[in-house]
Amino acid sequence: MSGALRVGIVGAGPWARRVHAPGVHAHPGMRLAAVWSRRPDTAKALAYHYDADVADDYEALLDAVDAVAFAVPPAVQGELAVQAAREGKHLVLEKPLAGDVPSAEAVAAAVRQSGVAALLVLTRRFAPEVRDWLTGLGHLGGWTGGSAQWIAGGLLSGDYAATPWRQETTGALLDAGPHALDLLDAALGRITRVHHARRDESDMWQLVLEHASGASSTLTLSLRVPVQPALVEFTLYGSNGKSQLTGRRTAAHECYAQLLDEFLAMIRSGRTAHPCDVRRGLHLQRVLDGVQRAAEL
């Protein structure tokens with residue numbers, strides 16, 4: 001690849017406006033080439049701000065770019081990402097990967113067959129304090145249990161609260177859930193079983209998980225609690241005592257900038273493997289499915 005990577009953004013909602021578009025525009029190795037949305041007015045407004053083209057349709061956007069960054073609901077991404085991968089476009093994918101496991105498997109298969117780079121926007125995994133914490137855990141070992149809390153009010157008000165798919169009964173699970181499950185999985189080993197899952201009337205989730213390492217963990221999750229700042233806390237226990245990760249010190253746009261650096265490095269080197277690649281997205285989709293089945297949703 002020579003010259004700047006031409007990136008197209010699919011979707012023009014709040015997350016595209018606040019993270020995807022400014023991140024791609026600011027990256028020295030990339031150019032925001034085109035925007036497409038099923039709402040032409042929002043696509044036009046976003047594209048105009050960054051001097052990008054407005055694609056008439058999705059096919060036109062794919063013709064104009066080398067890579068696609070998605071900012072659309074999971075079910076829509078699952079459908080569109082397959083087509084993009086089959087046409088050889090590299091992918092920046094939101095979480096969860098798709099609307100269900102079969103759709104996520106289709107995305108993963110298309111990525112594998114085409115050999116494109118594909119990264120999931122698990123923002124916390126690109127924060128330096130999170131990476132330092134996970135690295136430190138590996139040096140010590142001996143962790144047999146853990147607990148996590150991800151409590152916030154994001155679905156009570158604001159731009160993201162207006163997103164229909166986030167307001168569904170599984171909104172908190174599908175929005176913040178992948179981040180929390182990913183970190184528990186990375187810290188304690190692959191999640192292999194959902195022992196218990198319950199969502200109460202206040203939209204509070206309680207999960208009990210089993211990991212391949214033999215460890216177990218619990219997760220309390222809600223986006224409908226009026227707390228400020230959000231409570232984001234991970235605690236591990238074991239023969240070495242306790243290790244804790246709290247808060248979200250690195251801003252989302254900084255995490256996204258690091259993601260784009262690594263995404264571009266993958267493309268230039270021809271590598272497709274990454275801790276947050278499409279296979280990670282498929283694994284998390286299966287865990288989410290296990291949670292929903294355990295909760296009988």
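The model shown is predicted, which means the values in this text are computed figures rather than measured ones.

Topic: the packing of helix 5 (residues 101–114) against helix 10 (residues 278–294)
Two numbers describe a pair of packed helices, the interaxial angle and the distance between the axes.
Right, so step 1: Their axes nearest at 9 Å, the elements helix 5 and helix 10 cross at an angle of 170 degrees. Considering the angle they form, helix 5 stands roughly antiparallel to helix 10. Judged by residue contacts, Val 101, Ala 104, Glu 105, Val 107, Ala 108 and Val 111 of helix 5 engage Val 278, Leu 282, Gln 285, Arg 286 and Asp 289 from helix 10.

Focus on the pairing of strand 2 (residues 30–36)
Right, so step 1: For strand 2, the buried fraction is high: 6 of the 7 residues fall into the buried class.
Right, so step 2: Here strand 1 (residues 5–10) runs beside strand 2; their pairing, made up of 6 bridges, is parallel. Counterpart to Val 10 in the pairing with strand 2 is Trp 36.
Right, so step 3: With helix 1 (residues 14–26) bridging strand 1 and its parallel neighbour strand 2, the resulting β-α-β unit is right-handed.
Right, so step 4: The β-α-β motif built from strand 2, the intervening helix 2 (residues 40–49) and the parallel element strand 3 (residues 53–54) has right-handed crossover chirality.

Section: the nonpolar core
Right, so step 1: Among the nonpolar cores identified, the biggest contains 105 residues, and Leu 61, Phe 70, Leu 91 and Phe 234 are the most heavily contacted of them.
Right, so step 2: Those residues within four positions of Phe 70 in sequence are excluded, and the remaining contacts are Val 10, His 20, Tyr 58, Gln 77, Leu 80, Ala 81, Ala 84, Leu 91, Val 92, Leu 93 and Glu 94.

A word on the UniProt feature "domain: Gfo/Idh/MocA-like oxidoreductase N-terminal" (unreviewed entry) in the protein chain
Right, so step 1: Within this numbering scheme, the UniProt entry marks residues 5–117 as carrying the feature "domain: Gfo/Idh/MocA-like oxidoreductase N-terminal" (unreviewed entry).
Right, so step 2: Here residues 5–117 runs as 50% helix and 20% strand, with 13 Å between its end C-alpha atoms.

Side note on the pattern of salt bridges
Opposite charge on two side chains permits them to pair, given that their charged atoms come into close proximity.
Right, so step 1: In the structure shown here, the tally under the stated rule is 13 salt bridges.
Right, so step 2: Between Arg 286 and Glu 105 there is a salt bridge, with the nearest N and O atoms lying 3.1 Å from each other. Separated by 181 residues along the polypeptide, Arg 286 in helix 10 and Glu 105 in helix 5 bring together distant segments of the chain.
Right, so step 3: The class for Glu 105 is partly exposed, based on a relative accessible area of 35%.
Right, so step 4: Three or more residues joined by partner-sharing salt bridges are found here, namely Arg 125, Asp 182, Asp 185 and Arg 280.

A closer look at the environment of Ala 104
Right, so step 1: The topology assignment puts Ala 104 in helix 5.
Right, so step 2: The exposure class of Ala 104 is buried, given its relative accessible area of 0%.
Right, so step 3: Distance in space between the C-alpha atoms of Ala 104 and Arg 286 is 8.9 Å, their sequence separation being 182 residues.
Right, so step 4: Discounting residues that sit within four places of it in the chain, Ala 104 has contacts with Leu 97, Ala 98, Leu 282 and Gln 285.

So, the environment of Val 72
Right, so step 1: Take Val 72: it is sitting in the loop between strand 4 (67–70) and helix 4 (74–86).
Right, so step 2: Here Val 72 falls in the buried class, since its relative accessible area comes to 15%.
Right, so step 3: In this structure, the C-alpha to C-alpha distance between Val 72 and Leu 93, residues 21 residues apart in sequence, is 9.4 Å.
Right, so step 4: Look past the residues within four positions of Val 72 in its chain and what remains in contact with it is Val 10, Gly 11 and Gln 77.

Considerations on the packing of aromatic side chains
Right, so step 1: Tallied over the entire structure, the rule returns 3 aromatic pairs.
Right, so step 2: Their ring planes at 45 degrees and their centres at 5.6 Å tell us that Trp 36 and Tyr 58 sit as a pair that is tilted. Note that Trp 36 is positioned in strand 2 and Tyr 58 in helix 3 (residues 58–64), a separation of 22 residues in sequence. In this pair, the class of Trp 36 matches that of Tyr 58, namely buried.
Right, so step 3: Their ring planes at 50 degrees and their centres at 6.5 Å tell us that Trp 133 and Phe 234 sit as a pair that is tilted. A residue pair is termed long-range when its members are at least 10 positions apart, and Trp 133 in helix 6 (residues 128–140) and Phe 234 in strand 11 (residues 231–238) qualify at 101 residues.
Right, so step 4: Accessibility expressed as a relative area gives 2% for Phe 234, which makes it buried.
Right, so step 5: Connected via pairs of aromatic rings, a cluster forms that spans Trp 133, Trp 150 and Phe 234.

Cut-offs applied
- Residues numbered from 1 in each chain as written.
- Predicted model: local features only at pLDDT ≥ 70, side-chain atom pairs only at ≥ 80, totals over all residues.
- Heavy atoms only, no water.
- Axes fitted to C-alpha atoms, helices over the stretch in contact; angles between N-to-C directions.
- Helix = DSSP H or I, 4+ residues; strand = E, 2+ residues; numbered from the N terminus.
- Parallel < 35°, antiparallel > 145°, perpendicular 65-115°, else oblique.
- Contact = heavy atoms within 4.5 Å.
- Buried < 20%, exposed > 50% of the residue type's maximum accessible area, 1.4 Å probe, protein only.
- Pairing = 2+ DSSP bridges.
- Right-handed = clockwise from strand over helix to strand, strands pointing away.
- Core = buried A, V, L, I, M, F, W, Y, C linked by side-chain atoms within 4.5 Å.
- UniProt positions renumbered as here; feature names shortened; annotations may be inferred.
- Salt bridge = Lys/Arg side-chain N within 4 Å of Asp/Glu carboxyl O.
- Phe/Tyr/Trp six-rings, centres within 6.5 Å; stacked < 30°, edge-to-face > 60°.

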